[in-house]
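# Working through the structure, step by step
Residue strings, one per chain:
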Amino acid sequence: MVALLRHGGIEKAGRELVSATMQGQTALSVLHERLGSFDNPVADALYRARREVAGWERDGIQVLPLGDVRYPNRLLDVFDRPALLFSRGTVLADDLGAAIVGSRNAGPVGRAAAEALAVGLVERGLTVVSGLATGVDTAAHNATIRAGGRTVAFLGTGIKHFPPQNRDLCREIAERGAVFSQFWPEQHHDRTTFPQRNGTMSGYSLATVIVEATECSGTRIHARKAVEHGRPVVLMRGVVEGTDWGRETATEPDVHVASNTDEVLSVIDSFLDRSRQIQALVSAIG
């Protein structure tokens, strides 16, 4: 898979590979189609890929291709799942978490709400998922760690890069949870990486809570992707009243509006009950 994605581009070839695997093809068969029937180009590509993977693993980076038993189960539900993930920390394929996201420039009220929500999720045994940015993300990650919970971060860059102001936090998250990236480890961010990251974070999560955001916030992309994925979304009332996209998103199915953290956690409880009922139904049918 690494050889194929290096040849065709991790985004474009990744989409093609996801489609191919749904039709029963393997990464190796697609690689042969790309490079032709001659053995040498394929062998050379595989040799280079094996060396790359070995180097990443020596650096403590886990390589999680689609189809690996460690690949996050909830991402298998979404149409735009990445073909390849990189991770540091403890990967749980059946991780059950909720995303807390919002503005990088959140004020004291927004940061306090993120912290309270994180503690509430920890008390419910949920993983707190966020994006390691300043503001709401940082508040949620830190509060989770202080509460002794598990937190997961998704990066908008390769896993060898992270926000410099959160260097120590990134290491701590890897020790207490996991850090994920869908980009080549050495890749820097560009205008496409954070929207892609937001979509993957949505797919990983049971639900998304948007604490605070502006009209131009990238959080609106996360909200849109969560709706596309069929994931529940909770918008704090300030997001709905303060942005056009928030008002529009609030009209979508399974999008909820909450005035305070207690209301958010009540909605989360209803999601958990729904999930348990579905699991019980599936078990009964099985």
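This report concerns the structure included in the present document. All of these numbers come straight from a predicted model, not from anything done at the bench.

Among the nonpolar cores identified, the biggest contains 28 residues, and Ile-100, Leu-121, Val-264 and Ile-268 are the most heavily contacted of them. Where this core is concerned, the elements lending two or more residues are β3 (97-101), α5 (108-123), α6 (136-146), β7 (207-210), β8 (233-236) and α12 (261-285). Those residues within four positions of Ile-100 in sequence are excluded, and the remaining contacts are Ala-114, Leu-117, Ala-118, Leu-121, Val-128, Val-129, Ser-130, Val-136, Asp-137, Ala-140, Val-209 and Val-211.

To continue, consider the packing of aromatic side chains. Two aromatic rings, taken as a pair, are described by how far apart their centres are and by the angle between their planes. Inspection of every chain in the model, using the stated rule, returns 6 aromatic pairs. On the basis of an interplanar angle of 50 degrees and a centroid distance of 5.5 Å, the ring pair of Phe-180 and Tyr-204 is categorised as tilted. With Phe-180 in strand β6 (residues 178-181) and Tyr-204 in helix α8 (residues 193-204), this pair connects stretches of sequence that are 24 residues apart. The same class applies to Phe-180 as to Tyr-204, namely buried. An aromatic cluster is defined as three or more aromatic residues linked by ring pairs; in this entry it consists of Trp-56, Phe-86 and Trp-184. A cation over an aromatic ring shows up here: Arg-6 above the ring of Trp-184, its NZ or CZ 3.9 Å from the ring centre. Lying across the ring of Phe-194, Arg-104 places its NZ or CZ 5.4 Å from the centre.

You can see Ile-145 is positioned in helix α6. For Ile-145, a relative accessible area of 9% corresponds to the buried category. Leaving out residues up to four positions away in the same chain, Ile-145 has contacts with Thr-151, Leu-169, Glu-172, Ile-173 and Arg-176.

Taken as a whole, the second largest pocket encloses approximately 290 Å³ of empty space. Lining the second largest pocket are 18 residues, with Gly-102, Arg-104, Ser-217, Gly-218 and Thr-219 sitting closest to its centre. For the lining of the second largest pocket, the elements supplying multiple residues, two or more each, are α8 and α9 (219-229). Ranked by residues supplied to the lining of the second largest pocket, first place goes to α8 with 5 residues. Classifying every residue of the lining of the second largest pocket gives 6 nonpolar, 9 polar and 3 charged.

Our focus in this paragraph is the sheet that holds strand β9 (residues 255-258). The 9 strands are arranged β1-β2-β6-β5-β4-β3-β7-β8-β9 in an open sheet whose pairing can be described as mixed. Here the strands that pair on one side only, and so sit at the sheet edges, are β1 (62-65) and β9. Along the sheet, successive strands turn relative to each other by an average axial angle of 25 degrees, direction set aside. The pairing of β7 with β8 spans 3 bridges and is parallel. Considered in β8, the bridge of Ile-210 is made with Leu-235.

Conventions used here
- Residues numbered from 1 in each chain as written.
- Predicted model: local features only at pLDDT ≥ 70, side-chain atom pairs only at ≥ 80, totals over all residues.
- Heavy atoms only, no water.
- Core = buried A, V, L, I, M, F, W, Y, C linked by side-chain atoms within 4.5 Å.
- Buried < 20%, exposed > 50% of the residue type's maximum accessible area, 1.4 Å probe, protein only.
- Helix = DSSP H or I, 4+ residues; strand = E, 2+ residues; numbered from the N terminus.
- Contact = heavy atoms within 4.5 Å.
- Phe/Tyr/Trp six-rings, centres within 6.5 Å; stacked < 30°, edge-to-face > 60°.
- Lys NZ or Arg CZ within 6 Å of the ring centre and 35° of its normal.
- 1 Å grid on protein atoms, 1.4 Å probe; cavity = no way out; pocket = protein on both sides within 12 Å on 5 of 7 lines; lining within 4 Å.
- Points joined across faces, edges and corners; volume = space filled by probe spheres on them.
- Nonpolar A, V, L, I, M, F, W, Y, C, P; charged D, E, K, R; others polar.
- Pairing = 2+ DSSP bridges.
- Axes fitted to C-alpha atoms, helices over the stretch in contact; angles between N-to-C directions.

This is a description of form; function is not addressed.
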